[in-house]
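Notes for the structure review
Below are the chains, spelled out letter by letter.
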Amino acid sequence: MTNTFISDCRKRAVRPQTETFSENPSDAETAFSLFEELHQPFLFGWGNPEKEFLNKLLREDLMKAMDALPELFRIVVMLSDLEGFSYHEMAEILKVPVGTVRSRLARGRGLLQKALWRHAKEAGLIKESKKSSERLYEKDKNDRL
Amino acid sequence: MKKIKTIGCEEALKHLLTYLDRELGPVKRREVEHHIEICRTCFSRAEFEKLLKTQIREAGRETAGAEFENKIKTLLGRF
Ligand SMILES: [Zn+2]
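Computed from a prediction, not measured in an experiment: that's the story for all the values here.

1. Side note on the coordination of the zinc ion
All names here are of chain B.
- Taken together, the protein ligands of the zinc ion are Cys9 (SG), His35 (NE2), Cys39 (SG) and Cys42 (SG), with distances of 2.0 to 2.3 Å.
- Considering all four donor atoms around the zinc ion, angles at the metal cover 102 to 113 degrees and the coordination shape is tetrahedral.
- All donors to the zinc ion come from one chain, and their sequence spacing reads C-x25-H-x3-C-x2-C. In this pair, Cys9 is assigned in helix H1 (residues 9-20) and Cys42 in helix H3 (residues 40-62), connecting sequence segments 33 residues apart.

Here it is, written out as structure tokens:
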């Protein structure tokens, strides 16, 4: 990360933001945890479900999920996880309080994990048992049992 | 050293991501660290979140550096 890039970021971020997105994350979004989903009883029997899951995820999947995040949240996840900015630096770049950075980051990560989970189900990375079908999508008939 | 307060899973998870971002104050950090040492579930959870973070970073690196910086700049430009 070059200094010119950082100052460039700051310059570009000066414009005040008009946001339509609610700053108050719904519990379902922030609280969503891939880890917990992977630890549902129907997945027991896998040696290490979460590691297995991450190994199957392609980088392309990750980037697609990232691109699909609403901008407000994508930017903080990118600045933090990809660029390694501190909360304080992000607050400065985005001209918002540190608490806002923290809550957007929590929500962004929750949304990202939710998207990855949905993708994993659609791509058949996760096999569901019948018991879990009431809380999860119906499995495609062509899938093997 | 001062005695570390023992916290529960809920409290530890609440601060886990901030902890992994290395943004917790020293007292909370030690509490979370201590909990992860004694709780197997939270330890695995921490490992998972760490791994995911690493995967995201590596996925981002694969996108050519300049192209990626441009992506961020474009995003910031919209704010
Ligand atoms: Zn715990």
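Now, onward.
2. Observations regarding the environment of Ala91 of chain A
Residues and elements named next belong to chain A.
- With respect to the secondary-structure elements, Ala91 resides in helix H7 (residues 87-94).
- Since its relative accessible area comes to 9%, Ala91 is described here as buried.
- When the C-alpha atoms of Ala91 and Val101 are compared, they prove to be 6.1 Å apart, with 10 residues separating the residues in sequence.
- In this structure Ala91 touches Val96, Pro97, Val98 and Val101, once residues within four positions along its chain are discounted.

The rules we used
- Residues numbered from 1 in each chain as written.
- Chains lettered and ligands numbered in written order.
- Predicted model: local features only at pLDDT ≥ 70, side-chain atom pairs only at ≥ 80, totals over all residues.
- Heavy atoms only, no water.
- Donors = N, O, S within 2.8 Å, 3.2 Å for Na, K, Ca; no water.
- Tetrahedral: all angles 85-135°; square planar, octahedral: opposite > 155°, others 65-115°.
- Helix = DSSP H or I, 4+ residues; strand = E, 2+ residues; numbered from the N terminus.
- Buried < 20%, exposed > 50% of the residue type's maximum accessible area, 1.4 Å probe, protein only.
- Contact = heavy atoms within 4.5 Å.

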